[in-house]
Amino acid sequence: MSSFGSVARRAVAALAAVACTGLMIAVPSDTGYGWRRNEVAQQTASYAKTQRVYTLFGNDGRPGEWIVGNSFNVTAAGTIVDYDDSAGGHPTIIDAAQAGPASSQSVLPAGSKALPWTVHITYSLNGPDADRSAVQGADGLVGVRIRLEANPLSDTRYFRDAMPIVTFTIPHDVTDNVAVPDTAVVTDDGDSYRISAVGVAGRTNEWDCFMNAKAFRMGRLVIAAVPADRTDDGRDADQSVMRDRLAALASGANALSGGMTNAGSGEHQALIDQLTAMRDQEKAAADAEIAAKHDAYVKQFGIYIDRYVRSYSNHISGQPGTKTQMGALIGMTGELTGNTPLSQSVTDLANAVNAMSDAHCHTGAANIIDEVIRQIQRRGTTGLLADLKTRQAKEANTGKSRYSAGQGQLANAMIPFSMAYTDTYTARLNDLVNQGGSVAGSEQAAIDQTNQAFGSDEDMQKYTGQISAALKTMAGAREHTGAADMLGTIIDRFGAQMENGGAGDSDGTGASAAASAGASAGAADDSSGGGAVFHSGSVGVDAPFAMIGAASGPIEPVDETAALHAGEGTVIDQSATIGDASTDLEAAIDALMPAGKAASDPVLRAISSSAASVRYGDGGGDVISPDNTHTVAADFLMVLPAVGDADSIGAASASDGDAASQIPGLGAIVGKFMG
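Engineer: I would appreciate a short explanation of the overall build of the protein in the present structure.
Structural biologist: From N to C terminus, the protein includes 16 helices and 17 strands. Classification of the 675 residues of the protein by burial places 51% in the buried group. Sequence-distant contacts in the protein: of pairs separated by 6 or more residues, those separated by 24 or more amount to 79%. Looking at the protein as shown, the accessible area adds up to about 27,800 Å², and 50% of this sits on carbon and sulfur atoms.

Engineer: I would appreciate a short explanation of the pairing of strand 12 (residues 192-198) in the present structure.
Structural biologist: Looking along a regular strand, one sees side chains alternate from face to face of the sheet. Most of strand 12 sits inside the fold, with seven of its seven residues counted as buried. Side chains Ser192, Arg194, Ser196 and Val198 project from strand 12 onto one buried face, and the interleaved Tyr193, Ile195 and Ala197 project onto a second face that is buried too. Across seven bridges, the pairing between strand 10 (residues 162-171) and strand 12 is antiparallel. Across the sheet, Ile165 pairs through a bridge with Val198, a residue of strand 12. Direction of pairing for strand 11 (residues 184-188) relative to strand 12: antiparallel, over a ladder of five bridges.

Engineer: Explain the nonpolar core to me, please; I cannot follow it from the model alone.
Structural biologist: Counting 43 residues, the largest nonpolar core has Val144, Met211, Phe216, Val623 and Phe636 as its most contacted members. Those residues in contact with Met211 that sit more than four places away from it in its chain are Gly140, Leu141, Val142, Val144, Ile170, Thr175, Asn177, Val178 and Phe216. Counting 38 residues, the second-largest nonpolar core is a separate cluster that includes Tyr297, Met356, Ile447 and Leu471.

Engineer: What exactly am I supposed to notice about helix 12 (residues 458-499) here?
Structural biologist: Since the α-helix advances by 3.6 residues per turn, residues separated by three or four positions end up pointing in the same direction. The end-to-end C-alpha distance of helix 12 is 57 Å, a good match for the 62 Å that 42 residues give at a rise of 1.5 Å each. In the structure, helix 12 departs most strongly from a straight axis at Arg493, where the bend amounts to approximately 55 degrees.

Engineer: I would appreciate a short explanation of the packing of aromatic side chains in the present structure.
Structural biologist: For any pair of aromatic rings, the description consists of the separation of the ring centres together with the inter-plane angle of the planes. All told, the structure shown has 10 aromatic pairs when counted by the stated rule. Taken together, Tyr297, Phe301, Tyr304, Tyr308, Phe417 and Tyr421 form an aromatic cluster joined through their ring pairs. Just above the ring of Tyr403 sits the side chain of Arg478; from NZ or CZ to the centre is 3.5 Å.

Engineer: Teacher, can you tell me more about the sheet that holds strand 13 (residues 205-213) here?
Structural biologist: In sheet architecture, strand pairing relies on hydrogen bonds along the backbone and comes in two forms, parallel and antiparallel. Taking strand neighbours across the sheet as the criterion, the four strands line up as 8-7-9-13 in an open arrangement whose pairing is antiparallel. Looking along the sheet, the strands with just one partner apiece sit at the ends: strand 8 (129-130) and strand 13. Taken together, the nine bridges between strand 9 (residues 140-150) and strand 13 define a ladder with antiparallel strand orientation. Residue pairing across strands places Ile146 opposite Trp207, the latter belonging to strand 13.

Engineer: Mind showing me how you'd approach the environment of Leu271 here?
Structural biologist: Structurally, Leu271 is set in helix 6 (residues 269-314). With 105 residues separating them in the primary sequence, Leu271 and Ile376 have C-alpha atoms 9.0 Å apart.

Engineer: In this structure, what is going on with unusual backbone geometry? I would like to understand it.
Structural biologist: In most cases, non-glycine residues show a negative phi, while peptide bonds are predominantly trans. The residue Asn126 is not glycine, and still its phi comes out positive at about 55 degrees. For Ala215, which is not a glycine, the phi torsion comes out positive at approximately 50 degrees. Residue placement: Ala215 occurs in the loop between strand 13 and strand 14 (221-227).

Engineer: Help me understand the pattern of salt bridges in this model?
Structural biologist: Pairing of side chains with opposite charge becomes possible as their charged atoms draw close. The tally for this structure, following the rule as stated, stands at 22 salt bridges. The closest approach of N and O atoms between Arg145 and Asp208, which form a salt bridge, is 2.6 Å. In this pair, Arg145 is assigned in strand 9 and Asp208 in strand 13, connecting sequence segments 63 residues apart. For Asp208, a relative accessible area of 24% gives the class partly exposed. Between Asp161 and Arg160 there is a salt bridge, and its shortest N-O distance comes to 3.2 Å. Looking at Asp161, the relative accessible area reads 0%, which means it is buried. Among the residues examined, Arg160 registers a relative accessible area of 38% and is labelled partly exposed. Here the salt bridges share partners, and the residues they tie into one network are Arg145, Arg147, Glu149, Glu206 and Asp208.

Engineer: I would appreciate a short explanation of the environment of Asn500 in the present structure.
Structural biologist: You can see Asn500 is positioned in the loop between helix 12 and helix 13 (513-524). On the accessibility criterion, Asn500 (53% relative accessible area) is exposed. For the pair Asn500 and Thr382, spaced 118 residues apart in sequence, the C-alpha separation works out to 8.4 Å.

Engineer: When you look at the confidence of the model for the protein in this model, what are you seeing that I'm missing?
Structural biologist: In low-pLDDT segments, the atomic positions of the prediction should not be examined closely. Across the protein, the average pLDDT comes to 73, with 71% of residues at 70 or higher. Note that residues 646-662 has pLDDT below 50 and, in this model, 32 contacts with residues that lie over four places away or in other chains. Every residue in residues 669-675 is under pLDDT 50, and counting partners more than four places away or in other chains gives 13 contacts.

Engineer: Teacher, can you tell me more about the environment of Asn177 here?
Structural biologist: Mapped onto the secondary structure, Asn177 falls in the loop between strand 10 and strand 11. The spacing of Asn177 and Tyr193 is 16 residues in sequence and 8.4 Å in space, taken between C-alpha atoms. Non-local contacts of Asn177, meaning those with residues more than four positions away in its chain, are made with Tyr193, Phe210 and Met211.

Engineer: Could you clarify how one ought to interpret the packing of helix 11 (residues 439-456) against helix 12 in this entry?
Structural biologist: Think of two packed helices as two axes; the pair is described by the angle between the axes and how far apart they sit. Relative to each other, helix 11 and helix 12 sit at 85 degrees, their axes nearing to 6 Å. Relative to helix 12, helix 11 is oriented roughly perpendicular. Counting all contacts with helix 11, which are made through Ala453, Phe454, Gly455 and Ser456, the residues of helix 12 involved are Glu458, Met460, Gln461, Tyr463 and Thr464.

Engineer: Honestly, the packing of helix 6 against helix 12 in this entry has me stumped. Any pointers?
Structural biologist: Close contact between helix 6 and helix 12 brings their axes to 12 Å; oriented N to C, the two are set at 155 degrees. Taken together, the axes of helix 6 and helix 12 lie roughly antiparallel to each other. Note that helix 6 runs across helix 12; the crossing there is right-handed. Across the interface between the two elements, Leu271, Gln274, Leu275, Met278, Glu282, Tyr297 and Phe301 from helix 6 touch Ile467, Leu471, Met486, Thr489, Ile490, Arg493, Phe494, Gln497 and Met498 from helix 12. Class assignment of the residues belonging to the contact of helix 6 with helix 12 gives a composition of 11 nonpolar, three polar and two charged.

Reading the values: rules and limits
- Residues numbered from 1 in each chain as written.
- Predicted model: local features only at pLDDT ≥ 70, side-chain atom pairs only at ≥ 80, totals over all residues.
- Heavy atoms only, no water.
- Helix = DSSP H or I, 4+ residues; strand = E, 2+ residues; numbered from the N terminus.
- Buried < 20%, exposed > 50% of the residue type's maximum accessible area, 1.4 Å probe, protein only.
- Contact = heavy atoms within 4.5 Å.
- Areas by Shrake-Rupley, 256 points an atom, 1.4 Å probe, with all protein chains shown as cover.
- Pairing = 2+ DSSP bridges.
- Core = buried A, V, L, I, M, F, W, Y, C linked by side-chain atoms within 4.5 Å.
- Expected span 1.5 Å × (residues − 1).
- Bend = angle between axes of the 7 residues up to and from the residue.
- Phe/Tyr/Trp six-rings, centres within 6.5 Å; stacked < 30°, edge-to-face > 60°.
- Lys NZ or Arg CZ within 6 Å of the ring centre and 35° of its normal.
- Salt bridge = Lys/Arg side-chain N within 4 Å of Asp/Glu carboxyl O.
- pLDDT = per-residue confidence, 0-100.
- Axes fitted to C-alpha atoms, helices over the stretch in contact; angles between N-to-C directions.
- Parallel < 35°, antiparallel > 145°, perpendicular 65-115°, else oblique.
- Left-handed = near helix turned anticlockwise from the far one by under 90°.
- Nonpolar A, V, L, I, M, F, W, Y, C, P; charged D, E, K, R; others polar.

Listed below in structure tokens is the structure:
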């Protein structure tokens, strides 16, 4: 049985081999396309080429390999001669027997090209600038500044022509508020606040955000850039055009991980099939239960509020007034204990909140199964069991601590909500009493008016939004709990099978003789579309990358053998991480460019500024080689690592508490005024 090393070599051979040769991943023959290597051919096809560049930065501030997706829109059949940028310019010949789309992938070694942007990330702590290590885990006022400027070592076309957007997250338990500039927006992802911002093409763009942080950390930074000129039919770029381009970039990143993660398929396909069935069951359960439990919660919340406000009314003394009567609020506390309708509604609502949160365990279970499947496809099962056990403990601790944090968040949200509700209700009731009604006879009308105000008034909506944010935190926590529970199931059911996954290896290195022979045969076969022909010689480095927040430094030349070796351990894993980052980009698109956004919005003004300033030339904008003059556009997706461990939440003091017997907040409201 093959080890990780052997299956990785087979999976990566067709990718890493193209590091210097620009080898095309074969287009299926039934499309009417084929490819040949190193032949002299005449360019006879009519086509336009677009590219998508994906790269993952390391903790040292340097980008890794460039994974380049090439798309050809062929309008007249013939031959396409596509060059790499190595010494001598090795051509790849694509036989386009018919008009239509064609695609390929190439991998460029780290350091062989310079990115169009220099990315600077700087931090501050309580005022002065601080380095990354100082702010990681720090308490206090933390500032994050992201600056994108032209890299003078790169082709300036892409900087000039592409509109950048950036996005990253700050977990809820780090801060409850983030200050951002006008061209950025903050949205709630459930576990985290997402900060997304849009820049202007051809300019240095800079964004600052500040927060009062506790144990600071932030999620990965995703930077996307797409052409902001005109569409293929000549229209100026607008919000819908930019949204479509960014969505296509995200889709390509998501597909990238699937296209490269097949190392464990085949020999582990039976296990993958079983896990896939389990995943589909969990997805179906999530779809059904989340909707049902949400509806039950909404119903129970209505019952709770109705009983809460009626109990409050029963204790109003004299004229209602325009603000909450503290005496009436304190008077209702006796109904929180014993067998009363209010006490029962508190218990029922708490149970509904917990049940709605618990339904999200299915989402967490489905997501973690997807991760396990990708791990098996990427690396087989060697060493996987130990990793899953470690991950299970982290997920369990994270789920427990975040649920506790969510309950606290809900308590803090319920206090201003309840006070605002009774303030509004009291004022409405007072108006009705002044019009000749009684307190008891005006209750329902005052409740209806209060509910309408909370549904339509912008100031009121912020209170319901705080409750929604708390519920998102609790739901997100249960996703971690569901992941932990599912990992336990996988370990129990398939652990022995995973542990014995490498029993068939025969050569002491983890690679079977048959697998080694197959890999060699694939590498030597230039006609099957699955192998590669290697060429000796190194790639000259004519432009180093720019560091993040530091001066530029030289990059050593990379030869093909080194690129293949590096590809075993990095290209596949990088592609999976880039694929995961596609969800960040999708969330940023939704935040920055929702339908109906006003034309005066700063985000749309940035898009408009980009569109007005850019016009592409007729070609030569190829990231692999300037000899490929049919390239009309290039998109970029850059992923930078997170600051701090996302799982490093202290769980020792976390406790779910007795959530089934109380709704946090109601007792605190009364206690606040009773001292």
